[in-house]
Number of protein chains: 2
Amino acid sequence: MAVTQQDVARRAGVSQRTVSNVVNGLATVGDDARERVIEAIRQLGYRPSLAARGLRSGRSGVLQLVVPELDVPYFAELARRVVSVAEDRGYAVLVRQTLGDRDRERDALEGAAADYAEGTILSAVNPVADLLTGRESSSPVVLIGESTGLGLIDHIGIDDTAAAFAATDHLIRSGRRRVAFIGTHPDASLRMATLRLAGYRDALVEAGLSLDPRLIVQIGSYHREDGATAMSSLLDLADPPDAVFAATDLLALGALHRAHERGVRVPQDVAVVGFDGLEEGRYSVPTLTTIEPDTGEVARLSVETLLDRIRARESSGPAAPVADLAVPFDLVIRGSSPDPD
Amino acid sequence: MAVTQQDVARRAGVSQRTVSNVVNGLATVGDDARERVIEAIRQLGYRPSLAARGLRSGRSGVLQLVVPELDVPYFAELARRVVSVAEDRGYAVLVRQTLGDRDRERDALEGAAADYAEGTILSAVNPVADLLTGRESSSPVVLIGESTGLGLIDHIGIDDTAAAFAATDHLIRSGRRRVAFIGTHPDASLRMATLRLAGYRDALVEAGLSLDPRLIVQIGSYHREDGATAMSSLLDLADPPDAVFAATDLLALGALHRAHERGVRVPQDVAVVGFDGLEEGRYSVPTLTTIEPDTGEVARLSVETLLDRIRARESSGPAAPVADLAVPFDLVIRGSSPDPD
DNA sequence: TTGTATGCGTTATCAA
DNA sequence: TTGATAACGCATACAA
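The model shown is predicted, which means the values in this text are computed figures rather than measured ones.

Caption draft 1: Expanded view of the side chain of Glu-69 of chain A. Looking at where Glu-69 of chain A falls in the secondary structure, it is placed in the loop between β1 (62-67) and α5 (73-88). Polar side-chain contacts of Glu-69 of chain A include one of 2.9 Å to the side chain of Arg-80 of chain B.

Caption draft 2: View of the interface of chain A and chain B. Contact with chain A, which involves 48 residues of that partner, is made by 47 residues of chain B. For the pair chain A and chain B, the two sides together bury roughly 4300 Å², of which 60% comes from carbon and sulfur. When the buried surface of chain A facing chain B is broken down by residue, Arg-47, Arg-80 and Tyr-283 of chain A rank first, second and third, together holding 17% of it. Between the two partners, chain A and chain B, sit 10 salt bridges. For Arg-80 of chain A, the salt bridge goes to Asp-71 of chain B, with nearest N and O atoms at 2.8 Å. The interface formed by chain A and chain B contains 21 residue pairs in polar contact (both at pLDDT 80 or more). Among the elements of the structure, α4 (50-57), α5, β2 (92-97), α6 (102-110), α7 (112-116), α11 (224-235) and α12 (249-261) of chain A are those that each provide at least two residues to the side of chain A that touches chain B.

Caption draft 3: Representation of the sheet that holds strand β8 (residues 243-246) of chain B. Residue and element names in this part refer to chain B. Strand order in the open sheet formed by six strands is β7-β6-β8-β9-β10-β12, and the pairing between neighbours is mixed. Edge strands, defined here as strands with exactly one partner in the open sheet, are β7 (216-218) and β12 (329-332). Between one strand axis and the next, the sheet turns through 15° on average, direction left out of account. In this structure, β8 lies alongside strand β9 (residues 271-275), joined through three bridges in parallel fashion. Bridge pairing links Phe-245 to Val-273 in β9. The sheet strands contacting helix α10 (residues 191-206) are β6 (179-184), β7, β8 and β9, and the helix crosses β6 at an angle near 165°. Set on the sheet, helix α11 (residues 224-235) makes contact with β6, β7, β8 and β9; between it and β6 the angle comes to about 140°.

Caption draft 4: Examining the UniProt feature "domain: HTH cro/C1-type" (unreviewed entry) in chain A more closely. When the UniProt feature table is mapped onto this chain numbering, "domain: HTH cro/C1-type" (unreviewed entry) sits at residues 4-25 of chain A. Note that residues 4-25 of chain A is 77% helix and 0% strand, and that its end C-alpha atoms are spaced 17 Å apart.

Caption draft 5: Representation of the protein's contact with DNA strand D in the model. Lining the immediate surroundings of DNA strand D are 24 residues, of which Arg-17, Gly-30 and Arg-56 of chain A together with Arg-17 and Tyr-46 of chain B lie closest. Each atom of DNA strand D within 4 Å of the protein was assigned to sugar, phosphate or base; sugar and phosphate come to 58%. Arg-17 of chain A has a polar side-chain atom sitting 2.6 Å from a base oxygen of DNA strand D. For DNA strand D, a base nitrogen lies 3.1 Å from a polar atom in the side chain of Gln-16 of chain B. Take the surface near DNA strand D: its biggest share by element is four residues, from helix α2 (residues 16-24) of chain B. Split into classes, the residues belonging to the surface near DNA strand D amount to eight nonpolar, 11 polar and five charged.

Caption draft 6: Representation of the packing of aromatic side chains within the structure. The tally for this structure, following the rule as stated, stands at nine aromatic pairs over all chains. Note on Tyr-116 of chain A and Tyr-116 of chain B: the rings are 5.8 Å apart at their centroids and 5° apart in plane angle, and the pair reads as stacked. In this pair, Tyr-116 of chain A is assigned in helix α7 and Tyr-116 of chain B in helix α7 (residues 112-116), connecting two distinct chains. According to the relative accessible area criterion, Tyr-116 of chain A is buried, its value standing at 11%. Their ring planes at 70° and their centres at 5.3 Å tell us that Tyr-74 of chain B and Phe-75 of chain B sit as a pair that is edge-to-face.

Caption draft 7: Layout of the protein's contact with DNA strand C. Taken together, 25 residues lie around DNA strand C, and Arg-17 of chain A together with Arg-17, Thr-18, Gly-30 and Arg-56 of chain B are the ones closest in. Within 4 Å of the protein, the atoms of DNA strand C are drawn from sugar and phosphate moieties in a proportion of 59%. At a separation of 3.2 Å, a base oxygen of DNA strand C approaches a polar side-chain atom of Gln-16 of chain A. Arg-17 of chain A has a polar side-chain atom sitting 2.5 Å from a base oxygen of DNA strand C. Breaking the surface near DNA strand C down by element, the ones donating at least two residues are α2 (16-24) and α4 of chain A together with α2 and α4 (50-57) of chain B. With four residues, the single largest contributor to the surface near DNA strand C is α2 of chain A.

Thresholds applied
- Residues numbered from 1 in each chain as written.
- Chains lettered and ligands numbered in written order.
- Predicted model: local features only at pLDDT ≥ 70, side-chain atom pairs only at ≥ 80, totals over all residues.
- Heavy atoms only, no water.
- Helix = DSSP H or I, 4+ residues; strand = E, 2+ residues; numbered from the N terminus.
- Polar contact = N/O pair within 3.5 Å; in protein donor to acceptor, adjacent residues only side chain to side chain.
- Contact = heavy atoms within 4.5 Å.
- Buried area = accessible area lost by both parts, 1.4 Å probe.
- Salt bridge = Lys/Arg side-chain N within 4 Å of Asp/Glu carboxyl O.
- Pairing = 2+ DSSP bridges.
- Axes fitted to C-alpha atoms, helices over the stretch in contact; angles between N-to-C directions.
- UniProt positions renumbered as here; feature names shortened; annotations may be inferred.
- Near = heavy atom within 4 Å.
- Nonpolar A, V, L, I, M, F, W, Y, C, P; charged D, E, K, R; others polar.
- Phe/Tyr/Trp six-rings, centres within 6.5 Å; stacked < 30°, edge-to-face > 60°.
- Buried < 20%, exposed > 50% of the residue type's maximum accessible area, 1.4 Å probe, protein only.

Structure below.
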């Protein structure tokens, strides 16, 4: 069925070894032999078998990217960049979607695909420390965003607390006094939410503002709808907030939507700040102030770190220390929370 | 390094063949042998090699999904669903991103990965008829959205013209008389744009309205920014439109944004309708009327059709006729173009 | 029911 | 420079 190097060799009157050399541009092959091989390849329509190459070399040329939901813009942007960077480095990307399901996360980390891929970039919603510690599969994993906080695995992210502080501080400096936070999660071990909440708290404390627990809203998931629901509950308060910091842009956009529905003006009645730097926030009405992480850098560093691990494993060199890289972020001020003037 | 079935066999005191049988739950294996094998697998931490299995069986268990940009919401939603459906069918998904680049599209179709994957689901922006006709790789391809119009390959999509007609007709029925179209493309062979433009035209003609070429705006790409730019040019007209039908939701959302920036009220001054049924349009201000295709069905049919082809190829049965499936769509009326009352 | 032997298409070792 | 030849890990035809 498929044309093999053997077939090409016969046709070109050389050994299969020579064909392999030509294909991989490896050893020095005589000009005449090379030419005959190339011609034979063309005539026969030979196409290399990745399966065989992978088996032989032990390298599949595939990285695994694991995200909760591909259509959540933050993950979509991440996927875009990871796929691009991986391609630049000669790798294809196998995408797994966990839907926040723990079994799927486990399978992505432990299943056969985890071995087939040379490494995995994991962006999890659930705490994954336990999944990583007793891992059977030996292929390297780099964690994005959520950190285990245990320093047991390479991690790329941003300083969530500092960023949340910057966002909240901006609201306070622009004159807001009752600043709400949308985005705590029932599962307290969700570090992302915990860290951002901490930054929010720090900013309030530093400004000498009191912490009103009714202004801290828990959500079930991180979709627009959850932000809208949370906003409703805030607007229903006897003394509603004059500002909202949402843990993600999607929550903020949901909040924006609900405020408009209820006739509450943004930013006049309530200012809103999000987190993620989504493209969508540049076009919302009003445009959304946000914390914009350098996502390109997150993707680049993730892939690079992973490839470093893979290479180190091959050369069985000394294990590099666990990376814990914080990528820079910007506070981008837009219409939803203008600076006072 | 890696534990093989051979190792397990030695440990369990059986032949490698028996281990293989146990792993695949295939033939009837004696209870005691099975137990010993399972125990040995546990002790040694045996993990099957997908590379070897793939080489031997000729089936990689991988499908390839090719899209222009993973972070364009329409493709992100598509990817989400395709990955989910594929997983249900026991397949992993290798994602390729073409960025609209023809060379990347070609590589996705012709490169080694095209052979490694058992089949490809392609959502292209460029016309791909030529890429598909003289194809070297023999793995099946299913086309999504854009059709070659030649009936030479399985295609899943919606009736673009009928949908565009419905959208435009809705605007006309709600009393609009100067309806603009955003989304023609310099590359006239981009069928999606052509078909939607045709539906727009048909609706105007049927309503006895004149076609004003100045109301048909060409764009460079399909991002929010392009929609905003197009909207600007429309609003700059001496006699601007009272309604806009955009070929995609992203364009419509950009248009919405620009209208708001310019102080033009939607829907009072100008109504806006999009196309794609994005989640984002449920939360925009105002919410966006749109053509909502059954994306879940698109994904499901794509994967099913592809798997059918793969199976047919294996059993070398009679080739099924080329599928050209149109998935249903809904016109979802929201705030950007309310029905008159 | 289980074992033996072979080959999937490559790469790579060893000679020549 | 090139040719035999041996793995890579697994699935399966054929035997037992």
